[in-house]
Amino acid sequence: QVQLMESGGGSVQSGGSLRLSCAADAYTSRRYCMGWFRQAPGKEREGVGVIDRYGNTNFAYSVKGRFTISQDNAKNTLYLQMNSLKVEDTAMYYCAAGRTYSRDPSPFAYWGQGTQVTVSS
């Protein structure tokens, strides 16, 4: 059973930074593609960024240059570093694991419970 646990959300002013963490088990973090997704009220869930087993990353245009994804294999933890946050980044952020290197959430089978990020002006 794949279990993912996000943490690190919170409230920040526009221009600020936050780092989200996603704790996984060793098998998941090394065998699956991992991704960060977000969903704002009234909007569809969208892919923020994904990372594959080889460390390749792919980001949504809206966050490119501001967000980075990294993994700490020793801790089996995935990170989303978010800089220069904007009000429009406000959403529930989810960590997910799947077998497809894609920002489309559909192929991702395993999801965390989400962590809220709120950016104020």
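One can find the structure itself at the top, above this paragraph.
Remember, predicted model here, so these are calculated numbers, not experimental data.

Caption draft 1: Structural context of unusual backbone geometry. Phi is positive for asparagine 76, close to 50°, though the residue is something other than glycine. Its location among the elements puts asparagine 76 in the loop between β7 (67–72) and β8 (77–82).

Caption draft 2: View of the pattern of salt bridges. Throughout the structure, instances matching the rule amount to 3 salt bridges. A salt bridge links arginine 38 to glutamate 46; the shortest N-O distance between them is 2.6 Å. The exposure class assigned to arginine 38 is buried, which follows from its relative accessible area of 6%. What makes glutamate 46 partly exposed here is its relative accessible area of 33%. Across the salt bridge formed by aspartate 89 and arginine 38, the nearest N and O atoms sit 2.9 Å from each other. Highlighted residues: aspartate 89 in the loop between β8 and β9 (91–98) and arginine 38 in strand β4 (residues 33–39), separated in sequence by 51 residues. Residues aspartate 89 and arginine 38 agree in their burial class; the two are buried. One network of salt bridges, in which partners are shared, links Arg38, Glu46, Arg66 and Asp89.

Caption draft 3: Examining the state of the cysteines more closely. Under the definition given, this model contains 1 disulfide. Sulfur of cysteine 33: no disulfide; nearest cysteine sulfur belongs to cysteine 95 and is 12 Å away. In this structure cysteine 33 comes out as buried when scored by relative accessible area, which is 9%.

Caption draft 4: Geometry of the packing of aromatic side chains. For the structure shown, the criterion picks out 5 aromatic pairs. Taking the centre distance of 4.9 Å and the plane angle of 70° together, the rings of phenylalanine 37 and phenylalanine 108 count as edge-to-face. In this pair, phenylalanine 37 sits in strand β4 while phenylalanine 108 sits in strand β10 (residues 108–111), placing the two residues 71 residues apart along the sequence. On the numbers, 4.9 Å between centres and 55° between planes, the contact of phenylalanine 37 with tryptophan 111 is tilted. With a gap of 74 residues between them, phenylalanine 37 in strand β4 and tryptophan 111 in strand β10 connect regions that are remote in the sequence. An aromatic cluster is built from Phe37, Tyr94, Phe108 and Trp111, whose rings are joined through pairwise contacts.

About the cut-offs
Residues numbered from 1 in each chain as written. Predicted model: local features only at pLDDT ≥ 70, side-chain atom pairs only at ≥ 80, totals over all residues. Heavy atoms only, no water. Helix = DSSP H or I, 4+ residues; strand = E, 2+ residues; numbered from the N terminus. Salt bridge = Lys/Arg side-chain N within 4 Å of Asp/Glu carboxyl O. Buried < 20%, exposed > 50% of the residue type's maximum accessible area, 1.4 Å probe, protein only. Disulfide = S-S within 2.5 Å. Phe/Tyr/Trp six-rings, centres within 6.5 Å; stacked < 30°, edge-to-face > 60°.

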